[in-house]
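Examining the three-dimensional arrangement
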Amino acid sequence: LNNRIPGIKAACKKGQLSQLVNLMHELFPQQFNFIPKTWNIPNNYAAFCHHVFTQKKKDEFYILKPDEGSQGEGIYLLKTPTDIPQGTLLRNSVIQQYISNPLLIDGFKFDFRLYVLVSKLDQLEVYLCKEGLARFCTQHYEQPTLKNLNKCYMHLTNYSLNKNNSEFIVSEEDSTGSKRTITSVMETLKHQGYDTCKIWKNIKDVVFKTLLCIAPLTRVEQLNETTVRAANTRTSRQFHLIGFDVLLDNQLKPYLLEINGFPSMKTEHETYDDKYNKSIIPSPVDERVKSFVLRGAFSILFCKNVPDSYETIIKQELSDEQEKYLVFDDCRRLFTLFLRKGVNKKTSLLGSTGFRSFVRSCRITTIIPSLTNAELDLLFINICQQGDSGTMRSLSFLAFYKLTLSLAEKKFPSKKKKVPTATLR
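Before going into details, it helps to say that this report is about the structure given with it.

The rules behind these values
- Residues numbered from 1 in each chain as written.
- Predicted model: local features only at pLDDT ≥ 70, side-chain atom pairs only at ≥ 80, totals over all residues.
- Heavy atoms only, no water.
- Pairing = 2+ DSSP bridges.
- Helix = DSSP H or I, 4+ residues; strand = E, 2+ residues; numbered from the N terminus.
- Axes fitted to C-alpha atoms, helices over the stretch in contact; angles between N-to-C directions.
- Contact = heavy atoms within 4.5 Å.
- Phe/Tyr/Trp six-rings, centres within 6.5 Å; stacked < 30°, edge-to-face > 60°.
- Buried < 20%, exposed > 50% of the residue type's maximum accessible area, 1.4 Å probe, protein only.
- Parallel < 35°, antiparallel > 145°, perpendicular 65-115°, else oblique.
- Left-handed = near helix turned anticlockwise from the far one by under 90°.
- Disulfide = S-S within 2.5 Å.
- Core = buried A, V, L, I, M, F, W, Y, C linked by side-chain atoms within 4.5 Å.
- Salt bridge = Lys/Arg side-chain N within 4 Å of Asp/Glu carboxyl O.

**Remarks on the sheet that holds strand 1 (residues 38-41)**
Sheet strands pair by backbone hydrogen bonding; their relative direction is either parallel or antiparallel. Ordered by their spatial adjacency, four strands build an open sheet running 1-4-2-3, and the pairing between neighbours is antiparallel. Looking at strand neighbours, the two that pair on one side only are strand 1 and strand 3 (76-78), the edges of this open sheet. In this sheet, adjacent strand axes meet at a mean angle of 25° when their direction is disregarded. Pairing of strand 2 (residues 62-66) with strand 4 (residues 93-97), which is carried by five bridges, proceeds in the antiparallel orientation. Residue pairing for strand 4: Leu-64 is matched across the bridge by Ile-95. The sheet contacts of helix 2 (residues 14-27) involve strand 1, strand 2 and strand 4, and relative to strand 1 the element is tilted by about 135°. Across the sheet, helix 3 (residues 45-54) touches strand 1, strand 2 and strand 4, and the angle it forms with strand 1 is around 140°.

Printed below as a string of structure tokens:
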């Protein structure tokens, strides 16, 4: 039994995740609107600047995060592009609209850390633990202004940051302190008159749709022989525990902030004194929640039994209504069909040889008579140059998806952004 599914790490990168969800948002704008508007930096820096200087709302703020950052490092709140720290544009990052109207409890901003078990990837099986962590800021929340942008204890819920504040509270109780259980927070919200059943249903919907986005990319990454060999999982059963960070706004709408492919299972709280001497303090809430998470996960994996502590998100075949969201998986099948034709086996990129085979086999110029081979070559080059492919001569899965979507829009111009890529088969 191996606790790592190769390829998931790539899908958990903030830039990749935002691209996946945003591409689905183009096709299903009402159903995939659960992440804040996001720009990948440096590729979308010009688009971000255009948005800031042309948007009508003057009270918008933004948050910058490193693509692979963790523990709150390298996070900045911004008002304009001029606030971006020098040198940041040289590394992969994301900029998101800052959710300035979060739901508050006792005047504090908070988010949820959910634990999601992926027990199978090929025939997707996903389970959500009913318990998790609610992580609170340690300074009372105020609307962002130019004067308080640097107050990280007010705006950022990251435990790694807030634990350094003298106001951080380690509590024995589930319903008090700077870390609480999700069930205790839901009980608090219920007492305040909120419909917690609806809140939880909407959170599950976010988890479900996110997994439909990242699973195809993960399977493509597994074609990278280096990834599979490094994980040494050819003969072992794989599973993966993923952390989902979700924020509720004051209208109870859940926003996915990010997903963590390697969520911490620590059950203690670290503190440092003025001389940087480290002290370890047990965290009862962490211990209860994470023990709960792991016991339930092992019950599913070893006993084939879904305990009351978990609920199934994906297991059986999807409904007709849900199957329309399998656009990425349809595209993955098409992508992998031609991936091995002339491609370096150490990558999961479609080279020009594989692309030409795709064009011939799918009879693209017959399906779209107005499209010439020269125009197809130019489209291939243009999408390679957009920065999603990794090289200037090959297509990543996301770049290939954009290419097939462009072809679908040429074939069905009256149904722009509503045509599944499977129609090109």
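Read on for the rest.
**Concerning unusual backbone geometry**
In this structure, Pro-42 follows Ile-41 across a cis peptide bond, with omega equal to 15°. Structurally, Pro-42 can be placed in the loop between strand 1 and helix 3. Within the chain, Asp-106 stands out as a residue other than glycine whose phi angle is a positive 55°.

**Points about the environment of Leu-223**
Its place among the elements puts Leu-223 in the loop between helix 7 (196-221) and helix 8 (225-231). Separated by 125 residues in sequence, Leu-223 and Ser-348 place their C-alpha atoms 6.0 Å apart.

**A few points about the packing of aromatic side chains**
As enumerated under the stated definition, the model contains 18 aromatic pairs in all. Centre to centre, the rings of Trp-39 and Phe-48 are 5.2 Å apart; their planes meet at 65°, and the pair counts as edge-to-face. As far as the burial class goes, Trp-39 and Phe-48 line up, both buried. Look at Phe-355 and Phe-358: their rings are 6.1 Å apart centre to centre, the planes differ by 45°, and that puts the pair in the tilted class. Note that Phe-355 and Phe-358 are positioned in helix 12 (residues 352-361) at a spacing of three residues, about one turn of the helix.

**Things to note about the packing of helix 7 against helix 11 (residues 327-339)**
It is the contact of helix 7 with helix 11, at a shortest axis distance of 9 Å, that shows an interaxial angle of 15°. Considered as vectors, helix 7 and helix 11 are oriented roughly parallel to each other. The handedness of the crossing between helix 7 and helix 11 is right-handed. Contact with helix 7, carried on its side by Cys-213, Pro-216, Arg-219 and Val-220, involves Phe-328, Asp-329, Arg-332, Phe-335 and Thr-336 of helix 11 and no other residues of that element.

**A closer look at the state of the cysteines**
Going through the model one piece at a time under the given rule, you end up with zero disulfides. Counting only cysteine sulfurs, Cys-137 is the nearest neighbor of Cys-152, a cysteine outside any disulfide, at a range of 8.9 Å. On the basis of relative accessible area, Cys-152 is assigned to the partly exposed category, the value being 27%.

**Let's talk about the nonpolar core**
In terms of nonpolar packing, the biggest core is built from 85 residues, with Phe-112, Leu-114, Phe-358 and Leu-395 touching the most fellow members. In terms of residue count, helix 7 provides more of this core than any other element does, 13 residues in total. Not counting chain neighbours up to four residues away, the residues in contact with Phe-358 comprise Leu-334, Phe-338, Ile-364, Phe-400, Leu-403, Thr-404 and Leu-407. In this structure, Leu-117, Tyr-127, Phe-239 and Ala-297 belong to the second largest nonpolar core, which totals 14 residues.

**Some words on the pairing of strand 10 (residues 240-248)**
Burial analysis of strand 10 places nine of its nine residues in the buried class, the great majority of the element. Here strand 10 shows two buried faces, one formed by His-240, Ile-242, Phe-244, Val-246 and Leu-248 and the other by Leu-241, Gly-243, Asp-245 and Leu-247. Two strands pair when backbone bridges link them, and strand 6 (residues 108-120) and strand 10 are joined in this way by seven bridges, in the antiparallel orientation. Among the inter-strand pairings, Leu-114 is bridged to a residue of strand 10, identified as Phe-244. Bridge analysis of strand 10 against strand 11 (residues 254-260) gives six bridges, and the strand direction is antiparallel. From the neighbouring strand, Val-246 faces strand 11, where its bridge partner is Leu-256. Adjacent in sequence and paired antiparallel, strand 10 and strand 11 are bridged by five residues, among which Leu-252 carries a positive phi angle near 70°.

**A short note on the pairing of strand 8 (residues 133-136)**
Residues Leu-133 and Arg-135 of strand 8 are buried on one face, and the alternating residues Ala-134 and Phe-136, pointing to the opposite face, are buried as well. Summarising the sheet, strand 6 and strand 8 pair through four bridges and their orientation is antiparallel. Opposite Phe-112, over in strand 8, you have Ala-134 as the bridge partner.

**Some remarks on the pattern of salt bridges**
Throughout the structure, instances matching the rule amount to 14 salt bridges. Across the salt bridge formed by Arg-288 and Asp-174, the nearest N and O atoms sit 2.7 Å from each other. Taken together, the residues span a long stretch of sequence, with Arg-288 in helix 9 (residues 284-303) and Asp-174 in the loop between helix 5 (159-162) and strand 9 (179-181) at a distance of 114 residues. Taking relative accessible area as the criterion, Asp-174 reaches 28% and is therefore assigned partly exposed. Note that Arg-332 is salt-bridged to Asp-329, the shortest N-O span being 2.9 Å. Remark: Asp-329 and Arg-332 occur in helix 11; sequence separation between them is three residues, near one turn of the helix.

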